[in-house]
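Secondary and tertiary structure notes
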Amino acid sequence: MRITTVKENEFYIIGIEGDLDASSSIQLDQAIEEAVANKESKIIVDCSQLEYISSAGLGVFMSYIHDFQENNISLVLCQLSEKVRNVFQILGLDELIKIVGTKEEAKTN
Amino acid sequence: MNNKIKIVRKPENLKTVRDFVSTTLQSMSVPDPEINMMVLAVDEVCANRILHTPSNPSEAYNNIELEIQNDNNNFTFLIRDTGDPYDINTHESPDIRKLIAEKRKGGIGLLLVKKIMDSIEISRSEPYTVLLLRKSLKFV
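Described below are features of the structure shown in this document. (Residues numbered from 1 in each chain as written. Chains lettered and ligands numbered in written order. Predicted model: local features only at pLDDT ≥ 70, side-chain atom pairs only at ≥ 80, totals over all residues. Heavy atoms only, no water.)

1. Examining the interface of chain B and chain A
One frequent convention defines the size of an interface as the accessible area lost when the parts assemble. Listed per partner, the contact involves 27 residues of chain B and 25 residues of chain A. Inspection of the region where chain B meets chain A yields five salt bridges. When contributions to the side of chain B that touches chain A are tallied by element, the ones reaching two or more residues are helix H1 (14-27), helix H2 (32-51), helix H3 (96-101) and helix H4 (109-116) of chain B. The element that contributes the greatest number of residues to the side of chain B that touches chain A is H2 of chain B, accounting for eight residues. For the side of chain B that touches chain A, the per-class residue count stands at 15 nonpolar, two polar and ten charged. (Contact = heavy atoms within 4.5 Å. Salt bridge = Lys/Arg side-chain N within 4 Å of Asp/Glu carboxyl O. Helix = DSSP H or I, 4+ residues; strand = E, 2+ residues; numbered from the N terminus. Nonpolar A, V, L, I, M, F, W, Y, C, P; charged D, E, K, R; others polar.)

Written out as C-alpha cells, the structure is:
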C-alpha cells in the first residue's frame, strides 16, 4: 500500500493506493496523525486507488470520528469503488463517516 | 484444482490469502460481490489468528492452512493453525458507537465475519485449532 499527501488550498488530501489491511493500516493512521499535528482541519481521503479495505482500515477512520467532531475537523472520503463502499455499509459506518462521490464534492462538504 | 494453501503466520501474507480465495472462488463461477465478501471474512479471521496468537519458536507451528470446499454452492472455508482456540461465537458483539466513543481502532473484524458468514465453528484437534466458516449461496 502507498500513501500520498498533498495540500490543495485549505484542503489536506490523503491518497491511498492498494490494499488497506492489518499489515498496512498503521501507515494511514500515521498520515492522519500527521495531518492533525499540522493543524489541518479539512482532510479529504482520496480512495480512487484504494483496492481493498478490511476492519483494520475501517478502525483507523472510526478512531478519529470522536476527536474530529469535538475539534471541528472535517474528514471526507471520496471516490470509493463499489467494492470498498460495500465494506463501510456492512456495519453502517457509511452513515457515521462522510463519504461522497468526487473530490470536488468533498471540497464543498 | 488445488483448493488448499499454507502461509507463514505474518500480516504481510494476508494478501496471498485474499488472492487465493478470490482466484479459487472465481474458478467456481461465484459472482464478484459474493467473492468480495467471502474474501473479507477469511482475511479477517486470518488476521485475527495472526495478530492474537503468539508466535511459536518452532517454525512448523507458525503456519496457517486454508482449504476451500464447495458442495453445490455451499462453501466451507477450513482454517487451521496451532494457535489457541478462541470461540468467536461467544465473543460479545461490540456496539459500534461505544467503540467510536472509546476511540478504538479494533474490535469490528469478527463482527464483519459474523455478518457475512452463515456459521462459524471452532474446534480443537491437537495440536490444531480448526475454524470452519460456512456460506451458502443461491445463484439466480
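2. Regarding the packing of helix H1 (residues 25-37) of chain A against helix H2 (residues 55-70) of chain A
All names here are of chain A. Here H1 crosses H2 at 20°, and the two axes come no closer than 8 Å. Between H1 and H2, the crossing angle belongs to the class labelled roughly parallel. In this structure, H1 meets H2 at a crossing whose hand is right-handed. Between H1 and H2, the residues in contact are Ser25, Leu28, Asp29, Ile32, Glu33 and Val36 and Ala56, Gly57, Val60, Phe61, Tyr64 and Phe68, respectively. For the contact of H1 with H2, a count of residues per class yields eight nonpolar, two polar and two charged. (Axes fitted to C-alpha atoms, helices over the stretch in contact; angles between N-to-C directions. Parallel < 35°, antiparallel > 145°, perpendicular 65-115°, else oblique. Left-handed = near helix turned anticlockwise from the far one by under 90°.)

3. A word on the environment of Asp21 of chain A
Within the fold, Asp21 of chain A resides in the loop between strand E2 (11-20) and H1. Remark: the alpha-carbon pair of Asp21 of chain A and Leu58 of chain A, spanning 37 residues in sequence, is separated by 9.2 Å. In this view, Asp21 of chain A contacts Tyr52, Ser54 and Ala56 of chain A together with Leu14, Arg18 and Asp43 of chain B; residues no more than four positions away in its chain are not counted. A polar contact is formed between the side chain of Asp21 of chain A and the side chain of Ser23 of chain A, at a distance of 2.7 Å. (Polar contact = N/O pair within 3.5 Å; in protein donor to acceptor, adjacent residues only side chain to side chain.)

4. Some details on the sheet that holds strand E4 (residues 119-125) of chain B
Residue and element names in this part refer to chain B. One open sheet holds the five strands; their spatial order is E1-E2-E3-E5-E4, and the pairing between them is antiparallel. In this open sheet, the two strands that pair with only one neighbour each are strand E1 (4-8) and E4. Averaged over all pairs of adjacent strands, the angle between strand axes in this sheet comes to 20°, irrespective of strand direction. The pairing of E1 with strand E2 (residues 63-71) spans five bridges and is antiparallel. Within E2, the position partnered with Ile5 by the bridge is Leu66. Relative to E2, H1 is tilted by about 15°, and along the sheet it contacts E1, E2 and strand E3 (74-81). (Pairing = 2+ DSSP bridges.)

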